[in-house]
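Here are the chains, one letter per residue:
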Amino acid sequence: MKTFVATTVTAALLATTAFASGNGGGNPGAGFLDEWDTDTNGTVTIEEVAERRSDIFVSFDADDNGILDAEEYAFFDEARASNHEDEAGHGGEGKASVGMTLPFNDVDGNGSVTLDEFVGQSGPWMALVDRNRDGVVTVNDFGPNR
Ligand SMILES: [Ca+2]
Ligand SMILES: [Ca+2]
Ligand SMILES: [Ca+2]
């Protein structure tokens, strides 16, 4: 009887562990939706992206002049690097981080990024991530390439 009980407990523990890891950071796209789906309806729209990008811009524009200069952008790069260390390697999320870089957002190539440039790149950035081209980003745009 003792053996039977021990086996049951072990199986239960294994099941819990499997569920926990399956539900965590290993879910392709989950981290992206956590960050961008502000009304948590499972769909990231261009409006949500534009609004969130504007918030992000403002929080890194340390001197409030409407421009992320190279120095401010360096802080932004650092913040993203520490935030997303655990998410490296998911195809869609890799593209998502490209869309946050200075070269991607500095449309006129003058070395700094204005709020207009940053928010204006919402569409091109979504196009990178929106793999099935339905105009919104959902978990369907992540996961293994098929
Ligand atoms: Ca949404
Ligand atoms: Ca600034
Ligand atoms: Ca610029």
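See the structure shown above.
As the structure is a computational prediction, the values presented were derived from the model and not from experiment.

Procedures and definitions
Here the residue index of a chain counts from 1 through its sequence in written order. Numbering of ligands from 1 and lettering of chains from A proceed in the order in which they are written. Reporting in this predicted model follows two pLDDT cut-offs: at least 70 for local features of residues, and 80 or more for side-chain atom pairs to be given and counted; totals over whole chains, interfaces and linings ignore these cut-offs and use all residues. Excluding hydrogens and water, the side-chain values take into account all heavy atoms of the structure. Throughout, nonpolar core names a set of buried Ala, Val, Leu, Ile, Met, Phe, Trp, Tyr and Cys residues whose side chains join them through atoms within 4.5 Å. Each residue is assigned to one of three classes by its accessible area relative to the maximum for its type, calculated with a 1.4 Å probe on protein chains only: buried under 20%, partly exposed between the two thresholds, exposed over 50%. Between two residues, a contact is recorded if the distance between any of their heavy atoms is within 4.5 Å. Metal sites are built from N, O and S donor atoms within 2.8 Å, or 3.2 Å for Na, K and Ca, and they leave out water, so they may look incomplete. For a four-donor site, all angles between 85 and 135 degrees give tetrahedral; for four or six donors, opposite pairs above 155 degrees with the remaining angles between 65 and 115 give square planar or octahedral; all remaining cases count as irregular.

Peer 1: Outline the nonpolar core, listing residues and values.
Peer 2: Counting 21 residues, the largest nonpolar core has Phe32, Trp36 and Trp125 as the members making the most contacts within it. Beyond its immediate sequence surroundings of up to four residues, Trp125 is in contact with Phe32, Trp36, Val49, Arg53, Lys95, Ala96, Gly99, Met100 and Phe104.

Peer 1: I'd like to hear about the coordination of the calcium ion (ligand 2), residue by residue, with values.
Peer 2: Surrounding the calcium ion (ligand 2) are the protein donor atoms Asp61 (OD), Asp63 (OD), Asn65 (OD1), Ile67 (O), Glu72 (OE) and Glu72 (OE), at 2.0 to 2.7 Å. Taken together, the six donor atoms coordinating the calcium ion (ligand 2) and their angles of 52 to 162° define a geometry best described as irregular. When the donors of the calcium ion (ligand 2) are listed by position in the chain, the intervening gaps give D-x1-D-x1-N-x1-I-x4-E. Note on Ile67: relative accessible area 29%, which makes it partly exposed.

Peer 1: Any details on the coordination of the calcium ion (ligand 1)? Residues and values, ideally.
Peer 2: For the calcium ion (ligand 1), the full set of protein donor atoms is Asp37 (OD), Asp39 (OD), Asn41 (OD1), Thr43 (O), Glu48 (OE) and Glu48 (OE), and the range of their distances to it is 2.3 to 2.6 Å. Each of the six donor atoms bound to the calcium ion (ligand 1) contributes to angles spanning 52 to 161°, and the resulting shape is irregular. Within one chain, the residues donating to the calcium ion (ligand 1) are spaced in sequence as D-x1-D-x1-N-x1-T-x4-E. Taking relative accessible area as the criterion, Asp37 reaches 5% and is therefore assigned buried.

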